[in-house]
Amino acid sequence: MAKKKVFQISNALTEGLEETVTAAHNYNGELRVEIIPLKKIELDPENPRDLILTFEDLYNGIDKGDKNYLRKLSEKNSLLSLSNSIKDQGIINPILVYKHGNKYRLVAGERRTLASILSDKSDIQAKILDSKPTELKISLLQWVENVERKDLSLWERLKNLEKIIYSYSTGQNIPLDEITATNLSHLLGCSLPHAMNYIAVLTADNKLKTLIQHNQLKNLEKAALLATIQSQSTKDTAIEACLAGATLKKLKGILNQEKQSKSILKQPIILKGRGRQATFVNLGTTKKVQVAKLIIDSILDNAKVTHLKPHFSELNWSDYKSINHAFKQLLETLEQIEA
Amino acid sequence: MTKIIVNATHKGGEGKTTNSIMLAEYCALIKGLKTLIIDMDPQANFSGRYIQMEYDPAYRGGKIPAIHPDFDPTTDHEWDGRSSIANIFYGEEVIPYPTAISNLELLPAHSHKLQEAEAVTKNDVLEKVHLQLKRFLELSDVRSSYDVIIIDTPPSKGPLTIAAIKAATHIVIPAQMEQFSIEGIYGMLQLWKQESYYRTKDNQIELIGILPNQVRDIKLHKHFLEGLKMMKGVSDYVMPRVIKKRAIYTEILVEDANPKSIFDLPKTNIARQEYEAACQYIMERVFTYGKEKSFSN
Ligand SMILES: Nc1ncnc2c1ncn2[C@@H]1O[C@H](COP(=O)(O)OP(=O)(O)O)[C@@H](O)[C@H]1O
Ligand SMILES: [Mg+2]
């Protein structure tokens, strides 16, 4: 007897539709661009700066008596060509700010802002956030913006994702290897299968990653499929077929032949280290303040950083947040010293 | 505030024009709302239902609106007597045409001028095209003259469709329950999403939903509709009303059709009931503020 015919909307299309709706819900309003007066923009005192030139220096002229006069002057000169192009065409990428009282604090776009002031503009295009964004939020915004750009390579998207996962892991205090595809799908506002594909590719071995990096492997689904093949010989065959232009269907065929029936793609995948090059060390978490204190004090005994001791003398040891913050800064300082 | 509803999907033959007509006549005839209709499609079908369109002597196959009834050649020296929505792209005056239905006014298409706007590729010009309809509809003269504005769009994802979406407060996606049509839905959801990113939270473009159209009692249609209703998030945007394939929806468009509008049919007529229910659903959604909507997230 003939099988009853069932018509189905393809998985790819279903996934695309679902992702689109979720993303629209998660990110509506996030990329709105408005034109704001330059006078209302201020620097965020908590953010490190590359330049020492201030907005006032540009509005009022650099004070000749300023001990940094020469450096500021050269910084100003270095902005001239950008400023000329802004005079002609305006800025290409809006700056990113967040609301702070009746002012806007700068998150990204310091040079663009300074150059706009220099070009005698009175306002600037800006994306406005309601509050100070976390690192995670900033990388997510980059993600949302970038996925709209079709010219972004898979490799560039992966690099961006690594940043997101890393900031999520540190921000939430979740060890990297416990971040699941479900977490990722919520973060990105994409479907679970899509997130699984990303995680599979992020944990791929170096050979695959090199192919992706050199843009020989461009398709996420294919890359994810290849990444999850266990047997090395099957994998090599499949990679070869893929480079020769095999379709996703054909690649799946190769896999099935090898009876990889419990395809990892079907189960939630955890970002496990297998084969993946770790790019940073996670120093773990503790609930015990004494332990944290012991670690920090021991580090501070090291000659390279003893000079930082006074900074920690006022640390509030009963507040986890301040300890986290202090330790993070200590790590950053150490990274700079060792760089 | 004036509500602006756009019917869009980049596939042709889905029912954009049909739905624009039905909504417009529902608003004007049944609800008595001051209604403006705008035809952004160079094919000018929507316009042709309400005013005489003439062949463009300069561009073969193109259509232009007939001379405006208010035109007086003895006094109007600056004006050639025709006006279309495409004028907004040329910095020219826009004068709505009255229609046989009181309460219903039309800004018709002009094939060639709209095609020129649609063909724009240069970045800075493109941006102007994208924002021009929005700017025009934000004029207080326009706002204060109408309760509802209904826009029909060309079967594309190009500048004219984008301009309509940027101008709209609400969007309706009419779609057949067939393969290419679902792909058309995908394309429109992308535009909607993109637009929602760039709008402030209190000024969002609201997706009323997908209106299944030309539905027949066949497995394909049933399965596709069920498929859409099962998709996470998407299901909230499948309208709980369906338009079946019926000859009357096409017949009513013929020039000397009698009755002229679906809403002139008796209230017991099944086709009228069906489309009126869909229009009622859409307009209720448009006029209730979107807050009580619950997303199964
Ligand atoms: N529910 C329906 N039943 C029968 N014919 C329909 C129905 N909806 C649309 N049509 C017909 O299908 C054709 C395409 O519809 P139209 O509204 O012009 O689509 P679009 O504007 O999206 O291209 C028209 O001839 C129209 O009369
Ligand atoms: Mg049409």
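This is a predicted model, so every value here is computed, not measured.

## Brief notes about the site of ligand 1
Residues and elements named next belong to chain B.
Part 1 of the argument: Taken together, 16 residues lie near ligand 1, and Gly 13, Lys 16, Thr 17, Thr 18 and Asn 213 sit nearest.
Part 2 of the argument: At 2.7 Å from an oxygen atom of ligand 1 is found a main-chain nitrogen or oxygen belonging to Gly 13.
Part 3 of the argument: A distance of 3.0 Å separates a nitrogen atom of ligand 1 from a polar atom in the backbone of Arg 246.
Part 4 of the argument: Against a free-state accessible area of 560 Å², the protein chains account for coverage of 80% of ligand 1.
Part 5 of the argument: Among the secondary structure elements, those contributing two or more residues to the shell around ligand 1 are α1 (16-30) and α9 (247-251).
Part 6 of the argument: Of all the elements, α1 adds the most residues to the shell around ligand 1, at three residues.

## A few points about the environment of Leu 217 of chain A
Part 1 of the argument: If you trace the backbone, Leu 217 of chain A turns up in the loop between α10 (206-213) and α11 (220-227).
Part 2 of the argument: Residues Leu 217 of chain A and Cys 242 of chain A, 25 residues apart in the sequence, show an inter-C-alpha distance of 8.0 Å.

## Re the interface of chain B and chain A
Part 1 of the argument: The interface is formed by 30 residues belonging to chain B together with 27 residues belonging to chain A.
Part 2 of the argument: Summing the contributions of chain B and of chain A, the shared interface buries around 2600 Å²; its carbon and sulfur component is 68%.
Part 3 of the argument: It is Tyr 197, Tyr 198 and Met 231 of chain B in chain B that bury the most area against chain A; as a group they hold 25% of the surface buried on that side.
Part 4 of the argument: For the interface between chain B and chain A, the tally reads zero salt bridges.

## A few points about the pattern of salt bridges
Residues and elements named next belong to chain B.
Part 1 of the argument: By the definition in use, this model includes 26 salt bridges over all chains.
Part 2 of the argument: One salt bridge in this structure joins Arg 82 and Glu 54, with 2.9 Å as the shortest N-O distance. With Arg 82 in the loop between β4 (63-65) and β5 (97-98) and Glu 54 in strand β3 (residues 53-55), this pair connects stretches of sequence that are 28 residues apart.
Part 3 of the argument: Residue classification places Arg 82 among the partly exposed positions, given a relative accessible area of 23%.
Part 4 of the argument: Judged by relative accessible area, Glu 54 falls into the partly exposed class, the value being 31%.

## Re a nonpolar patch on the surface
Part 1 of the argument: The grouping of Val 281, Leu 283 and Leu 331 of chain A at the surface amounts to a nonpolar patch, some 300 Å² of accessible area in total.
Part 2 of the argument: Of note, Leu 283 of chain A is situated in the loop between α13 (248-257) and α14 (289-300).

## Section: the pairing of strand β3 (residues 95-100) of chain A
Residue and element names in this part refer to chain A.
Part 1 of the argument: As paired strands, β3 and strand β5 (residues 123-129) are joined by four bridges and run parallel to one another. Each bridged residue has a counterpart across the sheet, and for Ile 95 the counterpart in β5 is Ala 126.
Part 2 of the argument: Across five bridges, β3 lies against strand β4 (residues 103-108) in antiparallel orientation. Of the residues in β4, the one forming a bridge with Val 97 is Leu 106.
Part 3 of the argument: Linking β3 back to β4 in an antiparallel pair, the connection comprises two residues, with Gly 101 at a positive phi of about 60 degrees.

Conventions and cut-offs
Residues numbered from 1 in each chain as written. Chains lettered and ligands numbered in written order. Predicted model: local features only at pLDDT ≥ 70, side-chain atom pairs only at ≥ 80, totals over all residues. Heavy atoms only, no water. Near = heavy atom within 4 Å. Polar contact = N/O pair within 3.5 Å; in protein donor to acceptor, adjacent residues only side chain to side chain. Areas by Shrake-Rupley, 256 points an atom, 1.4 Å probe, with all protein chains shown as cover. Helix = DSSP H or I, 4+ residues; strand = E, 2+ residues; numbered from the N terminus. Contact = heavy atoms within 4.5 Å. Buried area = accessible area lost by both parts, 1.4 Å probe. Salt bridge = Lys/Arg side-chain N within 4 Å of Asp/Glu carboxyl O. Buried < 20%, exposed > 50% of the residue type's maximum accessible area, 1.4 Å probe, protein only. Patch = residues over 30% accessible without salt bridge, like charges linked within 9 Å, V, L, I, M, F, W, Y side chains within 5 Å. Pairing = 2+ DSSP bridges.

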